[in-house]
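If you want the building blocks of each chain, they are given just below.
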Amino acid sequence: MDTPDPATTLTPFPITVSRPERVFPKLTPAQLARVEAHGRRRSTTRGEVLLDVGDRIVPFFVVVSGEVHVLQVSGSTETLIVSHGPGSASGEANLISGRPSMARLRVSEDGEVLELTRDQLLALVQTDAELSEILMRAFILRRLELIAHDVGGVVVIGSTYSAGTLRIREFLTRNGHPFHFIDLDRDADAQELLDRFHVSVADVPVLICGVETVLRNPTNAQIADCLGFNENVDQTRVNDLVVVGAGPAGLAAAVYGASEGLSVLVLESNVPGGQAGSSSRIENYLGFPTGISGLDLTGRAYAQALKFGAHVMVAKGATRLACDGQRYTVEIDGGPKVPARTIIIATGAEYRKPALENLSMFEGAGVYYGATSMEAQLCRGDEVVVVGGGNSAGQAAVFLAQTTRRVHVLVRRDGLGATMSRYLIRRIEETPAIVLHPYTQVVGLEGSGRLERIRWRDDRTGDVETHDIGHVFMMTGAVPNSRWLSGCIALDDKGFVKTGPDLSADDLAAAKWPHTRSPYLLETNRPGIFAVGDVRGGNVKRVASAVGEGSIAVALVHQVLRP
Ligand SMILES: Cc1cc2nc3c(=O)[nH]c(=O)nc-3n(C[C@H](O)[C@H](O)[C@H](O)COP(=O)(O)OP(=O)(O)OC[C@H]3O[C@@H](n4cnc5c(N)ncnc54)[C@H](O)[C@@H]3O)c2cc1C
């Protein structure tokens, strides 16, 4: 595939990190020999395009001699991202995730390269610890560079104050996909861009995907389709293990399952990370004494699952479990039925929504269910309200107090003692910007277009106060995501999945339990179907227990699969 050099001048692309040698490492001759053992060596000619933007099959190249340019392409303009000389390797995070290429690779000087398919690269990083560290780190840092420079061919046009815009930005951010955001309220060029693509203000948020495709207020599934997030996954293959849900529990199951040789498919209705991904700082997870953001922790787990060869589909939720045929199948949004030898249910829980009549009008436009740096940016310097007395509310209050003027914490009980960890209560007591309102609940939300005022009531006196506050964080607990299991799996009276010793003789009889053995710990009343994490009855609702259960369940999956 030869194309002439472009007429455009190549301009250099600045690197933002302090240690560029980690982003673009040079492999030694001994390391090159180990790479070559997994692939093939071939010659290259100046002008040859090794890979183009949008290519679905993305090989991995290491330059042995000569030079290869990595180019950002926009219409007929090419911008040089980096030049790879001898010892330098191509690729970034999409090589591990199996997503399409975001850059063009063109040979700028004749020479030779080592070429590996994605599967050969995965085999290399799974077996060679030294190269795994060098390459995985480089791929992740390169992705961060692309995000820092908005390289990814995606433009989002919308308003900071619109729920749809926030959803799209969160979906792309939590998927680690770079995008350029144009704010209709602040950017003077926004109208010109809308005109160029023949879209009106009524169509926003708009996502421009690649050169041509314009999506008007797209669903997450449409975005995933346009960016080819799920393209390289064979949904009809019978996998050893299908994990439903990619929060900490599902990701742990995927990492342990795939690293122990099982074929694993993960189905996630939104983005990997689950509730933990919306946590600003997790401080009680073993091994992180200074805490870690939920996005970082789950982002690493996601990369780890992919590295070991698990397939992960995003924006593909399970809608029904079929358990009466010869083989279990999971029905998914707009896709074929996914067959499975064993299943781990890890669908967690979702935020409970207070019964406020116009709540949905303000979701993303003043009402939020997570407190990450993205929401914190939206309310910098303002007064905010956090509703709830659990650990997630405490964390949100402490985090938001760093950047906002005042944080009002509203709880229905007399205080936090019964519902929040001691360390968070102490932080709240020591933070003057946080004001605790016991016996208090939200009774009204007001505003046009976005939240402008909130009314709350003191249940002791019945007094209602109105405050000009435009940001409310609802951290009021969660309900299990188990509706898709109904009719198939035994649930308790609150909808949590029953497992192991919690199952009654009636539960087993209802599912015609076929074995003389009792269900294993974490096994449901269907043999080979397990439940882990927040969706499971009796789980303690912590990241560590979700991760622990996800990994234990894999050991039990092996027992079921053993002939
Ligand atoms: C803001 C916040 C802060 C928190 N902070 C802490 C903390 O500091 N320390 C701590 O230990 N715990 C914390 N927690 C609790 C912790 O995050 C949860 O216990 C943990 O995430 C549970 O993991 P999980 O994998 O079981 O479920 P979840 O995290 O809920 O993940 C479930 C996943 O399944 C997906 N899903 C749902 N339905 C379907 C379907 N039908 N098909 C496919 N996918 C589906 C969801 O989109 C989600 O990604 C916090 C929770 C919140 C909300």
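### A word on the confidence of the model for the protein
Next, step 1: For the protein, the mean per-residue pLDDT works out to 91, and 97% of the residues sit at or above 70.
Next, step 2: Every residue in residues 1–9 scores below 50 in pLDDT, and together they form 17 contacts with partners more than four places removed in sequence or on other chains.

### Here we look at the nonpolar core
Next, step 1: Val 35, Phe 60, Leu 121, Leu 172, Leu 207, Val 264 and Ile 344 are the most contacted members of the largest nonpolar core, which has 84 residues in total.
Next, step 2: In terms of residue count, the dominant contributor to this core is helix α5 (residues 129–148) (seven residues).
Next, step 3: Excluding anything up to four places from it in sequence, Leu 207 contacts Val 154, Val 155, Val 156, Ile 168, Leu 172, Thr 213, Val 214, Leu 215, Pro 218 and Ile 223.

### Digging into empty space enclosed by the protein
Next, step 1: Under the defined criterion, the tally for this structure stands at three cavities of 30 Å³ or more.
Next, step 2: Reported here for the largest cavity is a volume of approximately 300 Å³.
Next, step 3: Surrounding the largest cavity, 23 residues form its lining, Val 70, Gly 91, Glu 92, Ala 103 and Leu 146 being those nearest its centre.
Next, step 4: Contributions of two or more residues to the lining of the largest cavity are made by β4 (77–84), α3 (93–97) and α5.
Next, step 5: Residue composition of the lining of the largest cavity, grouped by class: 15 nonpolar, five polar and three charged.

### With respect to the packing of aromatic side chains
Next, step 1: Applying the stated criterion to the full structure yields five aromatic pairs.
Next, step 2: Seen in terms of ring centroids, Phe 60 and Phe 139 are 6.1 Å apart; in terms of plane orientation they differ by 85°. Their pairing is edge-to-face. With Phe 60 in strand β3 (residues 60–74) and Phe 139 in helix α5, this pair connects stretches of sequence that are 79 residues apart.
Next, step 3: Judged by its relative accessible area of 0%, Phe 60 is buried.
Next, step 4: The exposure class of Phe 139 is buried, given its relative accessible area of 2%.
Next, step 5: Centre to centre, the rings of Phe 171 and Phe 229 are 6.3 Å apart; their planes meet at 35°, and the pair counts as tilted. Within this pair, whereas Phe 171 is found in helix α6 (residues 163–174), its partner Phe 229 is found in the loop between α8 (220–226) and β10 (239–244), the two being separated by 58 residues in sequence. Here Phe 171 matches Phe 229 in class, with each residue buried.
Next, step 6: The ring of Phe 229 carries the charged tip of Arg 99 above its face, separated from the ring centre by 3.8 Å.

### Examining the site of the ligand
Next, step 1: Close to the ligand lie 36 residues, the nearest being Glu 268, Gln 275, Asn 284, Ala 318 and Gln 395.
Next, step 2: A distance of 2.8 Å separates a nitrogen atom of the ligand from a polar side-chain atom of Asn 284.
Next, step 3: With the chains in place, 92% of the 1000 Å² that the ligand exposes on its own is no longer accessible.
Next, step 4: Broken down by secondary-structure element, the contributors of at least two residues to the shell around the ligand are α9 (248–259), β16 (349–351), α13 (391–401) and α16 (543–561).
Next, step 5: Here the shell around the ligand is composed, by residue class, of 16 nonpolar, 16 polar and four charged.

### A few points about a nonpolar patch on the surface
Next, step 1: Residues Ile 140, Leu 144 and Ile 147 make up a contiguous nonpolar surface patch of roughly 240 Å² in combined accessible area.
Next, step 2: Among the structural elements, Ile 140 can be located in helix α5.
Next, step 3: Residue classification places Ile 140 among the partly exposed positions, given a relative accessible area of 40%.

### Describing the state of the cysteines
Next, step 1: Across all of its chains, the model carries two disulfides by this definition.
Next, step 2: Residue pairing for Cys 209: its cysteine sulfur links by disulfide to Cys 226, the two sulfurs lying 2.0 Å apart. Disulfide Cys 209-Cys 226: the torsion about the S-S bond is -115°, which places it as left-handed. Here Cys 209 is found in strand β8 (residues 206–209), whereas its partner Cys 226 is found in helix α8, with 17 residues between them in sequence.
Next, step 3: A disulfide bridge connects Cys 323 with Cys 488, and the sulfur atoms are separated by 1.7 Å.

### A look at the side chain of Asp 52
Next, step 1: With respect to the element layout, Asp 52 can be found in the loop between β2 (49–51) and β3.
Next, step 2: Within the structure, Asp 52 has its side chain in polar contact with the side chain of Arg 104 (distance 2.8 Å).
Next, step 3: The contact partners of Asp 52, leaving out residues within four places of it in the chain, are Ser 101, Ala 103 and Arg 104.

Calculation rules
- Residues numbered from 1 in each chain as written.
- Predicted model: local features only at pLDDT ≥ 70, side-chain atom pairs only at ≥ 80, totals over all residues.
- Heavy atoms only, no water.
- pLDDT = per-residue confidence, 0-100.
- Contact = heavy atoms within 4.5 Å.
- Core = buried A, V, L, I, M, F, W, Y, C linked by side-chain atoms within 4.5 Å.
- Buried < 20%, exposed > 50% of the residue type's maximum accessible area, 1.4 Å probe, protein only.
- Helix = DSSP H or I, 4+ residues; strand = E, 2+ residues; numbered from the N terminus.
- 1 Å grid on protein atoms, 1.4 Å probe; cavity = no way out; pocket = protein on both sides within 12 Å on 5 of 7 lines; lining within 4 Å.
- Points joined across faces, edges and corners; volume = space filled by probe spheres on them.
- Nonpolar A, V, L, I, M, F, W, Y, C, P; charged D, E, K, R; others polar.
- Phe/Tyr/Trp six-rings, centres within 6.5 Å; stacked < 30°, edge-to-face > 60°.
- Lys NZ or Arg CZ within 6 Å of the ring centre and 35° of its normal.
- Near = heavy atom within 4 Å.
- Polar contact = N/O pair within 3.5 Å; in protein donor to acceptor, adjacent residues only side chain to side chain.
- Areas by Shrake-Rupley, 256 points an atom, 1.4 Å probe, with all protein chains shown as cover.
- Patch = residues over 30% accessible without salt bridge, like charges linked within 9 Å, V, L, I, M, F, W, Y side chains within 5 Å.
- Salt bridge = Lys/Arg side-chain N within 4 Å of Asp/Glu carboxyl O.
- Disulfide = S-S within 2.5 Å.

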